[in-house]
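The residues making up each chain are set out below.
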Amino acid sequence: MIKLVGIHKIYEDGNTGFLALKDINLDFKDDHFVCILGKSGSGKTTLLNIIGGLDKPSSGHMVIDGELTTKFTTTQWDYFRNYKIGFIFQNFSLIEHLTVLDNVKLAIKLQGIKEQEAKERTLAMLEKVHLKKHAYKLPKQLSGGERQRVAIARALINNPEVILADEPTGNLDKKNAEEILKILKEISKEKLVIMVTHNKRIAYNYADRIIELKDGAVISDTKPYLNEKVRITKPNIKYTKYRFIDKVKHALQNIKMKKWRSFLISLGLAIGVSSFILIDGISNGVKINVQRYLRNQISGGDLTLVVYQAVNPTDIIDIIKDEEEVIGVRLNPIYTEVQRINEVNIESQPIWLSYKSIDNSDLNTRLFGKPYADGRFPSKDDEIMVSYDFANSLFNLSSIEEIWKRLKDAKISVVTGYYYNISDKYLNENCSLFNYFNENIPPQDYDESILGPYEDHIIKQKELFGALLLISETQIYLCENYDTLPKFYSNRAKYKEFTVVGINEVSLIDESFITETAFFETYNSFVLDSYGSFEIYLTEKGQNNTYPIKTSLSEKLQGYDFFIYDNPSSGLTINFLEIFLGMSQFIISMILIVSVVTAGLMLLMLLMISVIERSREIGILRALGATRSDVMSVFITESGVLGFLAGILGIILSFIISIVANIIIRYKYKDVLMRIFYRTDINIVIIKPLSCVIAVIICIFLTMMFGLFPAIKASKKTPINALKRL
């Protein structure tokens, strides 16, 4: 089964060396109890380590099951130690932060066995060594004898062919020592047990074969066994399979054992993570609120068309609406006055009247604002939603709530035009004088075929002049064409009474809104001798390229005196804001990287210390068959888990800070928020879920990068050096 040929081992120290083993030639058969006997320094442990693949000979060969180990790769040795060898160490070599169950289960987990099967097999093995009731205890809670029985259970769990025991009773009292020796003797009936001891009594009482070493050489062998014919076969490369989920569990168990150290490391990283998240949250909050303030409060069109002559506005609107990328047109607002509220005369207050020209849920707030509270836009021709500025000018109150209480359903009289005056001279020249009876009975000599229906004159005179053209109670002027009369405006205003059905809570919109029908009635009642202005709203495609639209409209409006131009949009302002915020965020982030790097360096230092502290654990893992990549991935996984925990802690800190900050801002700056947004439930810090995910990923990546060097250092330790903590 095992054949050693010409084994030498030299430990070098600079220019000098120590010969630990000299020309060892031994053969071992399958099932007997072999004791390697010798004093300290005789080379017995070195020989055991070479047989177990923990150390390599300086020269010579070892053949195991026909495979020449001289050419074994590191991976083949790992497989050999996991499947072929079971180690029992003098100092038990249990991993202190793992339970008894997990210590024993670790060996079988390296074979990729799933959790349930591994647990069942481990509990069955603990039952055999009478430790099942201690399965969930930590090693420090057990006696020395119980610890060694755990080590025996771990050595047997994979059903290896060889059990190697290095002074297994060295740290035990006589009773526990005898119990362990009896267990080993029982095992030797089915497996090869090679035990190192310096105690001759133990060797002669329990061993089937005693090999004695002195100064690194075999001086006696009670039952030499020689197998001259050994058939060397090509090594069959096999691998252990330590699953990722088991590495994560191993990392969590170590973190749990050193919870305060792990918490402080995670907290240091979490502060950096939360800073990044909060900076992004502040940037996002400012951007969202500015967008809300600008986009939802700016009502200007994308293009403005000014026609420098008196026109029929509906004709121009129809021409503009024919353009494919136009989604709406609005005639310029009407400037007028309010002189009465609820039939009470007040000092004239200016008011701009407009109307909703587009019914688009995405644009309504941006173009027309939003009614406060239970207010609404007008649906009838005698209703109005007034602007905040107009409403505030009436009462000069800072609270929109108080203003709304006073104005809700109030009746306001809006000047919708002015009546004409005409001189007596022009009346005498252009009109005829008739006897007047009343509004319903025409004069006796009235010729309807020439002058038209009498009631039309009554209506027209009231509409134009605000009264009948009477020169006395019994005489009235009647004209054939009132529109051509040389008339002029008076200071007598026309009024229309509107019911207030809402206040616009968007302060940047100056216009008060009435229905489209009511607007054009009012518009047509004013004489527009100068020009008309039209706000044109475009699709997103049209906004990105207005040149074709302006060119097309210019062709269609030939013959008109007009000018068309682009309006500066809120989008431009927001783009500048985004650039500014992005630059600020980048600069602050660069500063905060220092804290993250500092925390990362602290993690690096602690992981380096951890490699030293856990050197024996690394040695145990390697002795059980863990590969170098397994050891490296255990440490990297542990770093990643710390990064994940730091990321989660950072997110929790970020949300706590953002909630507290938003509450404080709402309370401390309540009046400011009310003046700007007309509401106080504004969040200045708005954390994006995507930012949290990205922050966690970055944190995991950084911690794994910082943990890479210690992990590589840990993986490069040879099993024997790691066990010796070298």
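The structure presented is a predicted model; accordingly, all values stated were derived computationally and were not measured. Each chain carries its own residue numbering, running from 1 in the direction its sequence is written. Note on the predicted model: pLDDT of at least 70 is required for a residue's local features to be given, and 80 or more for side-chain atom pairs to be given and counted; whole-chain, interface and lining totals, by contrast, use all residues. For side-chain calculations, the full set of non-hydrogen atoms in the structure is used, while hydrogens and water are omitted.

Engineer: What's the story with the overall build of the chain in this structure? I'm lost.
Structural biologist: By definition, any uninterrupted DSSP run of H or I lasting at least four residues is a helix, any uninterrupted run of E lasting at least two residues is a strand, and each is numbered from the N terminus. Per the secondary structure count, the chain includes 26 helices and 23 strands. Our radius of gyration is a C-alpha quantity, and the globule rule it is checked against amounts to 2.2 Å times the number of residues to the power 0.38. The C-alpha atoms of the chain give 48 Å as radius of gyration, which overshoots the globular expectation for 726 residues (27 Å, by more than 25%). Each of the three principal axes of the chain carries a C-alpha extent, and together these read 160 × 50 × 45 Å. Residue burial is assigned from relative accessible area. The probe radius is 1.4 Å, only protein chains are included, and a residue is buried under 20% of its type maximum, exposed over 50%, and partly exposed in between. The burial tally for the chain puts 50% of its 726 residues in the buried class. Per-residue accessibility takes into account occlusion by the displayed protein chains alone, with areas from the Shrake-Rupley method and a 1.4 Å probe. Only carbon and sulfur atoms are counted for the fraction: they give 55% of the accessible area of the chain, which is about 35,900 Å². Positive: Lys, Arg. Negative: Asp, Glu. His and the chain ends are not part of the count. For charged residues, the charge sits on one atom: NZ in Lys, CZ in Arg, CG in Asp, CD in Glu. For the chain, the separation between the mean place of its 86 positive charges and that of its 83 negative charges on side chains is 22 Å.

Engineer: What's the story with the sheet that holds strand S11 (residues 303-307) in this structure? I'm lost.
Structural biologist: Strand order in this open sheet of four strands is S12-S22-S11-S23, and the pairing throughout is antiparallel. Strands with a single pairing partner mark the edges of an open sheet, and in this sheet they are strand S12 (326-331) and strand S23 (562-566). Along the sheet, successive strands turn relative to each other by an average axial angle of 20 degrees, direction set aside. DSSP calls a pair of strands paired once it identifies at least 2 bridges connecting them. Bridge analysis of S12 against strand S22 (residues 532-538) gives five bridges, and the strand direction is antiparallel. Pairing of glycine 328 across the sheet is with tyrosine 537, part of S22. The contact criterion used throughout is that any non-hydrogen atoms of two residues lie within 4.5 Å. For every element, the axis is a line fit to its C-alpha atoms; helices are fit only across the contacting stretch, and the angle between N-to-C directions ranges from 0 to 180 degrees. Relative to S23, helix H19 (residues 547-556) is tilted by about 170 degrees, and along the sheet it contacts S11, S22 and S23.

Engineer: Help me understand the state of the cysteines, please; the structure alone is not making it clear to me.
Structural biologist: Simply put, disulfide is the name for a covalent bond between the sulfur atoms of two cysteines. Cysteine sulfurs are considered disulfide-paired once they come within 2.5 Å of each other. Within this structure, the stated rule accounts for one disulfide. The side chain of cysteine 431 participates in a disulfide bridge whose partner is cysteine 479; the two sulfur atoms lie 1.8 Å from each other. Taking the sign of the S-S torsion, about 95 degrees here, the bridge from cysteine 431 to cysteine 479 comes out right-handed. A residue pair is termed long-range when its members are at least 10 positions apart, and cysteine 431 in strand S17 (residues 431-435) and cysteine 479 in strand S19 (residues 475-479) qualify at 48 residues. Residues cysteine 431 and cysteine 479 agree in their burial class; the two are buried.

Engineer: I tried to follow helix H25 (residues 708-715) on my own but got confused; where do I start?
Structural biologist: The α-helix winds at 3.6 residues per turn, so residues separated by three or four positions along the chain end up facing the same way. Within H25, burial applies to Pro710, Ala711, Ala714 and Ser715. The arc that holds every buried residue of H25, seen down its axis, measures 135 degrees, which confines them to one face. What the arc describes is the spread of directions from the helix axis to the C-beta atoms.

Engineer: Sorry, what's going on with the pairing of strand S10 (residues 217-221) here?
Structural biologist: The side chains of a regular strand alternate between the sheet's two faces. As defined by bridge partners, strand S9 (residues 209-214) adjoins S10 across four bridges and the pair is classed as antiparallel. Paired with isoleucine 211 across the two strands is aspartate 221, which belongs to S10. Between S9 and the antiparallel strand that follows it, S10, lie two residues; aspartate 215 among them carries a positive phi value of about 55 degrees.

Engineer: In this structure, what is going on with the sheet that holds S19? I would like to understand it.
Structural biologist: Strand order in the open sheet formed by three strands is S17-S19-S18, with antiparallel pairing between adjacent strands. In this open sheet, the two strands that pair with only one neighbour each are S17 and strand S18 (470-472). Strand-to-strand, the axes of this sheet are offset by a mean angle of 30 degrees, without reference to chain direction. Where S18 and S19 come together, two bridges link them in antiparallel fashion. Looking at the pairing, serine 472 lines up with glutamine 475 of S19.

Engineer: Could you clarify how one ought to interpret a negative patch on the surface in this entry?
Structural biologist: Taken together, Glu343, Asp381, Asp382 and Glu497 make up a surface patch of like negative charges. Exposure remark for aspartate 382: the relative accessible area of 37% places this residue in the partly exposed category. Patch membership is restricted to residues that have no salt bridge and whose relative accessible area is over 30%. Joining uses 9 Å for like charges and 5 Å for the nonpolar side chains Val, Leu, Ile, Met, Phe, Trp and Tyr. Any Lys or Arg side-chain nitrogen found within 4 Å of a carboxyl oxygen on Asp or Glu counts as a salt bridge.

Engineer: Looking at this model, I keep getting lost on the nonpolar core. Mind explaining?
Structural biologist: The tendency in soluble globular proteins is for nonpolar side chains to be buried side by side. Nine residue types can take part in a nonpolar core, namely buried Ala, Val, Leu, Ile, Met, Phe, Trp, Tyr and Cys, and a core is a set of them joined through side-chain atoms within 4.5 Å. In terms of nonpolar packing, the biggest core is built from 91 residues, with Ile2, Leu4, Phe28, Leu47, Leu126 and Ile194 touching the most fellow members. Each residue touching leucine 4, except ones within four places of it in the same chain, is listed here: Ile24, Asn25, Leu26, Phe28, Leu47, Ile51, His61 and Met62. Grouped together as the second largest cluster of nonpolar side chains are 45 residues, Ile341, Tyr355, Ala391 and Leu394 included.

Engineer: Explain a nonpolar patch on the surface here, please?
Structural biologist: Together, Leu252, Phe644, Leu645, Ile648, Ile652, Ile656, Val660 and Ile664 give the surface a local cluster of nonpolar side chains, amounting to about 650 Å² of exposed area. Per-element accounting of the nonpolar patch gives the leading share, seven residues, to helix H22 (residues 628-668). Counting through the fold element by element, isoleucine 652 comes out in helix H22. With relative accessibility at 44%, the residue isoleucine 652 sits in the partly exposed group.

Engineer: Hey, could you run me through the side chain of glutamate 325 in this one?
Structural biologist: Along the polypeptide, glutamate 325 turns up in the loop between helix H10 (313-321) and S12. Buried charge glutamate 325 goes without a salt bridge, the closest partner of opposite sign being lysine 541 at 4.1 Å. Distance and chemistry together define a polar contact, namely a pair of N or O atoms within 3.5 Å, with one atom able to donate a hydrogen and the other to accept it when in protein, and with adjacent residues in sequence counting only for side-chain atoms on both sides. There is a polar contact of 2.4 Å between the side chain of glutamate 325 and the side chain of threonine 539. With sequence-adjacent residues up to four places away left out, glutamate 325 is seen in contact with Tyr537, Leu538, Thr539, Lys541, Gly542 and Ile549.

Engineer: Help me out: how do you make sense of helix H6 (residues 174-187) in this one?
Structural biologist: One fewer than the residue count of a helix, multiplied by 1.5 Å, yields its expected span. Here H6 is 14 residues long and its end C-alpha atoms lie 20 Å apart, about the 20 Å a rise of 1.5 Å per residue gives. Among the residues making up H6, those that are buried are Asn176, Ala177, Ile180, Leu181, Leu184 and Ile187. Buried residues of H6 fall within an arc of 135 degrees about the axis and therefore sit on the same side. Away from its buried face by more than 90 degrees, H6 exposes Lys174, Lys175 and Lys182.

Engineer: Honestly, the environment of threonine 515 in this entry has me stumped. Any pointers?
Structural biologist: Tracing the backbone through its elements, the reader meets threonine 515 in the loop between strand S21 (511-513) and helix H17 (516-525). Assessed through its relative accessible area of 11%, threonine 515 is described here as buried. In sequence terms threonine 515 and glutamate 383 are 132 residues apart; their C-alpha atoms lie 7.6 Å from each other. Filtering out sequence-adjacent residues up to four positions away, threonine 515 remains in contact with Tyr355, Pro378, Ser379, Lys380 and Asp381. In this structure the side chain of threonine 515 is engaged in a polar contact, spanning 2.6 Å, whose partner is the side chain of aspartate 381. There is a polar contact of 3.2 Å between the side chain of threonine 515 and the backbone nitrogen of alanine 518.

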